[in-house]
Amino acid sequence: MAVIQKHGKNYSPDLVCHKENHASDKIGVPGCHKKWPEQNTNWSRPVARVWTVVLLLGTCLLYCARVAMPICAVSMSEQFKWSKRESGMVLGSFFWGYCFTQVFGGYVSDRVGGEKVLLLSAAAWGSMTAFTPILAHFCSQPIFSMTLARFLMGLLQGVHYPSLASLCSQKVVESERGFLMSTVGSGSYLGTLLIGGAGSLMLDLYGWESVFYVSGLLSVLWAYCMWKYLLKGEGKIASGRTDGNLHVNIVKMILCCVFLSLHFPISAVIVTHLCTASTFFTLLSWLPTFFKDIFPDAKGWVFNVIPWLVAIPSSLFSGCLSDHLISEGFDIASVRKLMQFFSMGVSSVFTLLLCGNTTFPWAVAFVSATMGLTTFSHSGVSVNVQDLAPSCAGALFGVMNTCGAFSGVLMVYFSGYLIETTGSWASVFALITTVNLLGLCTFLAFAEARRFDIDSRRVWSGKKY
């Protein structure tokens, strides 16, 4: 683990947000970066607080809609006679769709504003969630309609986190990004907690269809309130910085991302995020089935609620801790590495403990510790991309999430294959631990926190650096 080095309060001049319109900042590839505004565009503290709460709620509803299928998977597989492999295909199809809109969503967010992309996508995936039961019942082959529905859900939700990264890099100063991202990121655990508790009750009382109806309609309501009260009912949602040919700009943006990824620190961020995202998606998809298989008499609300109840304060604590260490003058890169060590290293210890024979209370405790420690990545690799390339953080985060989604597809499906062929959950938890340690070693070896997007503009302009 990297030793945290302490420097003066004004350390890391490379990470100071450039708000003046310097001549060198104008040179580069259109679509690769935004032009630096002459005035300060950061949110004021009161505005940032309002947006933090709104984005927290939006991420919460995002996961309510996303986790509805894993929560209902057991009941749906019994009703439609799905095997474990077919269930894995339905659950994994989400990540296929999730792959395709990441980079594009980040690029559009960098150009027109992440808040507008968040609004349009939420209205779309909320509607899709509410229509999911209808598709299941009115199709002669539910396995195909549900696979398609999950694919479309992934397609629509794929822009969410790149939009958040773009919005945060444009509106929030470096010393406060850890707290905002960890707070908004805790919405994923709050959403999983709510859908795990309330969803389990609705599942038992009203059937699995009610879980999709409620989570979908609430998401559409959130999108409407955001449009009405924060964006003030703007008519031209799609307006923004769309100068030039769209196809040319997208190609240039992709080339810029490829160039940036040639730097070891940015490659390390991509590999580490790939590992942490794939292991988290695997746990998210299969933990309800794990508890149902190993502890069939256990109450669903217990294992669907307690781990996420632990994850919420853990995520908030990691954000406060990282921002406090940075404000005290500690090296930013070392703080990011420390957070990631807890997220992938310490959490793997508790994941391995699930491989042995254990009682239900201890299994819940181990899973809760694993999920709680995993949240530290919100102050580690997830925010590190904003340190490295704030001018195109949305597009780069899209690249990261695309890689994570592809690996998530493979791991979710392969986990179902392992369970069905070996009959043991230990192989799944061993796989998760191995992937975690691979990502951790990569991040500890190569992660930095100095900006690289300025260097990329110099290279594209023909200057040496």
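Rules used in this analysis
Here the residue numbers are simple positions, counted from 1 along each chain's written sequence. Residue-level local features of this predicted model are given only where pLDDT is at least 70; pairs of side-chain atoms are given and counted only at 80 or more, and the full residue set underlies all totals for whole chains, interfaces and linings. Hydrogens and water molecules were not included; the side-chain quantities draw on all heavy atoms of the structure. Strands here mean DSSP runs of E at least two residues long; helices mean DSSP runs of H or I at least four residues long; both are numbered from the N terminus. Relative accessibility under 20% of the residue-type maximum defines a buried residue, over 50% an exposed one, and the middle range a partly exposed one, all with a 1.4 Å probe and only protein chains included. Note on definitions: a residue-residue contact is assigned when non-hydrogen atoms from the two residues lie within 4.5 Å. Surface accessibility in these figures is a Shrake-Rupley result with a 1.4 Å probe; residues are shielded only by whichever protein chains are displayed. Counted as salt bridges are all cases of a side-chain nitrogen of Lys or Arg within 4 Å of a carboxyl oxygen of Asp or Glu. The pocket and cavity definitions rest on a 1 Å grid over protein atoms only: a 1.4 Å probe that fits but cannot leave marks a cavity, an open set with protein on both sides within 12 Å along at least five of seven lines marks a pocket, and residues lining either have an atom within 4 Å of a point. Grid points are joined across faces, edges and corners, and a volume is the space filled by probe spheres set on the points. Each residue gets one of three labels, nonpolar for Ala, Val, Leu, Ile, Met, Phe, Trp, Tyr, Cys and Pro, charged for Asp, Glu, Lys and Arg, and polar for the others, Gly among them. Nine residue types can take part in a nonpolar core, namely buried Ala, Val, Leu, Ile, Met, Phe, Trp, Tyr and Cys, and a core is a set of them joined through side-chain atoms within 4.5 Å. Expected span, for any helix, means 1.5 Å times one less than how many residues it has. Between 30 and 60 degrees the pair is tilted, below 30 it is stacked and above 60 it is edge-to-face, where a pair is any two Phe, Tyr or Trp rings, Trp via its six-membered ring, whose centres lie within 6.5 Å. In this analysis the charged atom, NZ for Lys or CZ for Arg, is taken to sit over a ring once it is within 6 Å of the ring centre and within 35 degrees of the ring normal. Interaxial angle, 0 to 180 degrees, is taken between N-to-C directions of lines fitted to C-alpha atoms, where a helix line uses only the stretch in contact. Roughly parallel here means an angle under 35 degrees, roughly antiparallel means over 145, roughly perpendicular means 65 to 115, and every remaining angle is called oblique. Left-handed describes a crossing whose near helix is turned anticlockwise from the far helix by less than a right angle; the clockwise case is right-handed. Under the rule applied, a polar contact is a pair of N or O atoms within 3.5 Å (in protein, one hydrogen donor and one hydrogen acceptor; residues adjacent in sequence only if both atoms are side-chain atoms).

**Student:** Describe in detail the overall build of the protein chain, supporting the description with residues and values.
**Tutor:** Along its length, the protein chain carries 17 helices and zero strands. Per-residue burial for the protein chain yields a buried fraction of 59% across its 465 residues. Pairs at least 24 residues apart make up 86% of the contacts formed inside the protein chain by residues separated by at least 6 positions. Surface exposure of the protein chain reaches about 18,700 Å², of which carbon and sulfur atoms provide 68%.

**Student:** Quick rundown of the pattern of salt bridges? Include the residues and the values.
**Tutor:** Proximity of charged atoms lets side chains of opposite charge pair with each other. For the coordinates displayed, the defined rule picks out three salt bridges. A salt bridge links arginine 336 to aspartate 387; the shortest N-O distance between them is 2.8 Å. Taken together, the residues arginine 336 in helix H12 (residues 332–353) and aspartate 387 in helix H14 (residues 381–388) connect sequence positions 51 residues apart. Aspartate 387 matches arginine 336 in its accessibility class, with the two residues each being buried. Between arginine 450 and glutamate 448 there is a salt bridge; the shortest N-O distance is 3.0 Å. Taking the relative accessible area as the measure of exposure, glutamate 448 reaches 29% and is therefore partly exposed.

**Student:** Hey, could you go over empty space enclosed by the protein for me, with residue numbers and the actual values?
**Tutor:** Throughout the structure, instances matching the rule amount to eight cavities of 30 Å³ or more. Size it by volume and the largest cavity reaches roughly 290 Å³. If you go around the largest cavity, you meet 20 residues; those closest to its centre are Tyr63, Tyr161, His273, His378 and Ser382. Residue assignment for the lining of the largest cavity shows that the elements contributing at least two residues are helix H6 (160–171), helix H7 (174–206), helix H10 (264–294) and helix H15 (393–422). A per-class count over the lining of the largest cavity returns eleven nonpolar, nine polar and no charged. Of the pockets and cavities examined, the second largest cavity occupies roughly 100 Å³. What lines the second largest cavity is a set of 14 residues, and nearest its centre among them are Leu287, Pro288, Phe303, Asn304 and Trp308. Taken together, the elements giving at least two residues each to the lining of the second largest cavity come down to helix H1 (45–80), H7, H10 and helix H11 (300–327). With five residues, the single largest contributor to the lining of the second largest cavity is H10. The class makeup of the residues in the lining of the second largest cavity is eleven nonpolar, three polar and no charged.

**Student:** Could you give an account of the nonpolar core, with specific residues and numbers?
**Tutor:** By size, the foremost hydrophobic cluster in this structure holds 108 residues, and its most contacted members are Tyr63, Cys72, Met76, Met146, Trp208, Phe280 and Phe291. Among the elements that line this core, the one with the most residues is H1, at 17 residues. When near neighbours in sequence (up to four residues on either side) are disregarded, phenylalanine 280 contacts Tyr63, Tyr189, Trp308, Met371 and Thr374.

**Student:** Can you tell me about unusual backbone geometry, naming the residues and giving the values?
**Tutor:** Its identity as a non-glycine residue notwithstanding, lysine 81 has a phi of 60°, on the positive side. With respect to the helices, strands and loops of the structure, lysine 81 is situated in the loop between H1 and helix H2 (84–100). Classification of lysine 81 by relative accessible area gives exposed; the value is 69%.

**Student:** Hey, could you go over helix H16 (residues 426–446) for me, with residue numbers and the actual values?
**Tutor:** Since one α-helical turn is 3.6 residues long, residues separated by three or four positions face the same way. With 21 residues, H16 should cover 30 Å at 1.5 Å per step; its first-to-last C-alpha distance of 31 Å lies within 8% of that length. Taken residue by residue, H16 has Val428, Phe429, Ile432, Thr433, Val435, Asn436, Gly439, Leu440, Thr442 and Phe443 as its buried positions. Tucked into the core, H16 has its buried residues touching H10, H12, H14 and H15.

**Student:** I'd like a description of the packing of aromatic side chains, backed by residues and values.
**Tutor:** Tallied over the entire structure, the rule returns 28 aromatic pairs. Taking the centre distance of 5.9 Å and the plane angle of 90° together, the rings of tryptophan 208 and phenylalanine 212 count as edge-to-face. Here tryptophan 208 and its partner phenylalanine 212 are both found in helix H8 (residues 208–230), four residues apart, which amounts to about one turn of the helix. No difference in accessibility class separates tryptophan 208 from phenylalanine 212, as the two residues are buried. Judged by centre distance (6.3 Å) and plane angle (65°), the ring pair of phenylalanine 317 and phenylalanine 376 falls under edge-to-face. Pair noted here: phenylalanine 317 is in helix H11 and phenylalanine 376 is in the loop between helix H13 (360–374) and H14, with a separation of 59 residues, a long-range link. Put simply, the rings of Trp286, Phe290, Phe291, Phe295, Phe303, Phe360, Trp425 and Phe429 touch in pairs and so form one group of aromatic residues. Positioned above the aromatic ring of tyrosine 63 is the side chain of arginine 66, whose terminal nitrogen or guanidinium carbon lies 4.5 Å from the ring centre.

**Student:** With reference to specific residues and values, describe the packing of H12 against H16.
**Tutor:** Relative to each other, H12 and H16 sit at 160°, their axes nearing to 9 Å. Comparing their axes, H16 and H12 come out roughly antiparallel. When you trace H12 past H16, the crossing you get is left-handed. In contact with Arg336, Lys337, Gln340, Phe341, Met344, Gly345, Ser347, Ser348, Thr351 and Leu352 of H12, H16 contributes Phe429, Ile432, Thr433, Val435, Asn436, Leu437, Gly439, Leu440, Phe443 and Leu444. A breakdown of the residues in the contact of H12 with H16 according to their chemical character gives ten nonpolar, eight polar and two charged.

**Student:** Describe in detail the packing of helix H3 (residues 102–112) against H15, supporting the description with residues and values.
**Tutor:** Relative orientation of the contacting elements H3 and H15 amounts to 170°, with a least axis distance of 7 Å. Viewed along their axes, H3 and H15 adopt a mutual orientation that is roughly antiparallel. Together, Gln102, Val103, Gly106, Tyr107 and Asp110 of H3 and Ala393, Gly394, Ala395, Phe397, Gly398, Val399, Asn401 and Thr402 of H15 make up the contact between the two elements. Here the contact of H3 with H15 is composed, by residue class, of six nonpolar, six polar and one charged.

**Student:** Can you explain the environment of serine 315? Please cite residues and give values.
**Tutor:** Here serine 315 shows up in helix H11. Distance from serine 315 to threonine 374, taken between C-alpha atoms, is 8.5 Å for residues 59 residues apart in sequence. With sequence-adjacent residues up to four places away left out, serine 315 is seen in contact with Ser182, Gly185, Ser186, Tyr189, Thr375 and His378. A distance of 2.7 Å separates a polar side-chain atom of serine 315 from the backbone oxygen of serine 182.

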